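Each chain, letter by letter, is given below.
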Amino acid sequence: NSVWAVSKGLKAVLNEIGRKYKVDVFNPSKELAIKDRVQNVSTDSIYFNFEQIKKIIDHKPKSEKLKNTKLILLTLIFSGCRQSDVHKIKPEQEYNKNGETFYYCRYFAEKTDTEIIVPILKPLMDAINENNGQPAYEISQQKFNIYVKDLIQDCKLDEDVTITYTDEDGKKQFETQKLYQFVTSHIGRRSLITNLINHIPITILTKITGHSIKDNSIIFGYNKISLLDNAILFRKQLRRAVEENPDHFIFPLV
């Protein structure tokens, strides 16, 4: 997919050169055989629902390696950050006004350089406290993606899952494996968003995750609420959602 993205950018540059200088340029889409063209490979996405997350929270890993892996995974799930930012999620600042008391962290996303303020939700705060008040120590994404499969298998999340994906030839395919075999670092971010998107206003949720809203409506450009005020609203909306939807939110988040 990285090669496909570069190829897409290259085609755009070549087309711009052709238009600007009125010359013929090489067009990979037309001049390469289909089998030689770089294709975007996409897969269906899985996420953890709250029942599965509860099993992860309750699981007691036997090795220090998997204890740290669990803490990283819970950080990803309850902050919505990317793996590259997980070491930045620390309860370093406290907010205590108007009946709202919580810890939060403020950081710049590694990938987009976007400033983000995210509250430390209760399950993550509990996990950090269980780790003597220390956040997870940093490991490479490659190692995490190996260790987390072992962790999820130990959590007995081993049911068969069938996903669809688009292969390098652009054809739709099915693939069936155990759930844990599909788990990678991005499942945490995806799980937070998927579990909350129908309960938290999108204008609030996107500021927590650092996404930008791509919408033709100009009104989204006027969402100038501060990041800290957005974190407060996020907690209030989340508390209300938990109270109103106990079948969905099976454990407290704030």
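Cut-offs applied
- Residues numbered from 1 in each chain as written.
- Predicted model: local features only at pLDDT ≥ 70, side-chain atom pairs only at ≥ 80, totals over all residues.
- Heavy atoms only, no water.
- Pairing = 2+ DSSP bridges.
- Helix = DSSP H or I, 4+ residues; strand = E, 2+ residues; numbered from the N terminus.
- Axes fitted to C-alpha atoms, helices over the stretch in contact; angles between N-to-C directions.
- pLDDT = per-residue confidence, 0-100.
- Phe/Tyr/Trp six-rings, centres within 6.5 Å; stacked < 30°, edge-to-face > 60°.
- Buried < 20%, exposed > 50% of the residue type's maximum accessible area, 1.4 Å probe, protein only.
- Core = buried A, V, L, I, M, F, W, Y, C linked by side-chain atoms within 4.5 Å.
- Arc of directions from axis to C-beta.
- Contact = heavy atoms within 4.5 Å.
- Polar contact = N/O pair within 3.5 Å; in protein donor to acceptor, adjacent residues only side chain to side chain.
- Disulfide = S-S within 2.5 Å.
- Left-handed = near helix turned anticlockwise from the far one by under 90°.
- Nonpolar A, V, L, I, M, F, W, Y, C, P; charged D, E, K, R; others polar.

Participant: Outline the sheet that holds strand β2 (residues 93–97), listing residues and values.
Facilitator: Strand order in the open sheet made by the 3 strands is β2-β3-β4, with antiparallel pairing throughout. Every other strand in the sheet has two partners, leaving β2 and β4 (115–119) as the edge strands with one partner each. Between one strand axis and the next, the sheet turns by 35° as a mean value, whatever way the strands run. Examined bridge by bridge, β2 and strand β3 (residues 100–108) share 5 bridges and lie antiparallel to one another. Paired with Y95 across the two strands is F102, which belongs to β3.

Participant: An account of the confidence of the model for the protein chain is needed here, citing residue identities and associated values.
Facilitator: For the protein chain, the average pLDDT comes to 88, and 87% of its residues sit at 70 or higher. Mean pLDDT values over the elements of the protein chain span from 50, in strand β1 (residues 42–43), up to 98, in helix α4 (residues 64–79).

Participant: Go over the packing of aromatic side chains with me, naming the residues and quoting the values.
Facilitator: Using the criterion set out here, one finds 5 aromatic pairs in the structure. Centre to centre, the rings of F50 and F249 are 5.2 Å apart; their planes meet at 45°, and the pair counts as tilted. Placement of the pair is F50 in helix α3 (residues 50–58) and F249 in the segment after α9 (227–244), with a sequence separation of 199 residues. A centroid spacing of 5.5 Å and a plane angle of 85° characterise the contact between F50 and F251, whose relative ring orientation is edge-to-face. Remark: F251 occurs in the segment after α9 and F50 occurs in helix α3; sequence separation between them is 201 residues. Each member of the pair, F50 as well as F251, is classed as buried. Taken together through their ring pairs, the aromatic side chains of F50, F78, F249 and F251 make up a single cluster.

Participant: Outline the nonpolar core, supporting the account with residue identities and numerical values.
Facilitator: Counting 57 residues, the largest nonpolar core has F48, L73, F78, I152 and F234 as the members making the most contacts within it. Among the nonpolar cores identified, the runner-up in size contains 7 residues, and Y95, F102, A231 and I232 belong to it.

Participant: Just give me the short version of α3, but keep the residues and values in it.
Facilitator: The complete set of buried residues in α3 reads F50, Q52, I53 and I56. Projected down its long axis, α3 shows its buried positions confined to an angular sector of 155°, all on one face. The inward-facing, buried residues of α3 abut α4, α6 (141–154) and α7 (186–196).

Participant: With reference to specific residues and values, describe the environment of N49.
Facilitator: By the element assignment, N49 lies in the loop between β1 and α3. The class for N49 is partly exposed, based on a relative accessible area of 26%. Residues N49 and T194, 145 residues apart in the sequence, show an inter-C-alpha distance of 8.5 Å. Here E51 takes part through its backbone nitrogen, which lies 3.1 Å from a polar atom of the side chain of N49.

Participant: Requested: an account of the state of the cysteines, with residues and values cited.
Facilitator: Disulfide: a covalent bond connecting the sulfur atoms of a pair of cysteines. Enumeration over the complete set of coordinates arrives at 0 disulfides. Counting only cysteine sulfurs, C105 is the nearest neighbor of C81, a cysteine outside any disulfide, at a range of 8.0 Å.

Participant: Residues and numbers for the packing of α3 against α4, please.
Facilitator: In helix packing, the relevant descriptors are the interaxial angle and the interaxial distance, both defined with respect to the helix axes. For the pair α3 and α4, the least separation of the axes is 10 Å and the interaxial angle reads 145°. Of the two possible hands of crossing, α3 and α4 adopt the one that is left-handed. On α4, the residues that touch I53, I56 and I57 of α3 are K70, L73, L74, I77 and F78. Tallied by class, residues from the contact of α3 with α4 come to 7 nonpolar, no polar and 1 charged.

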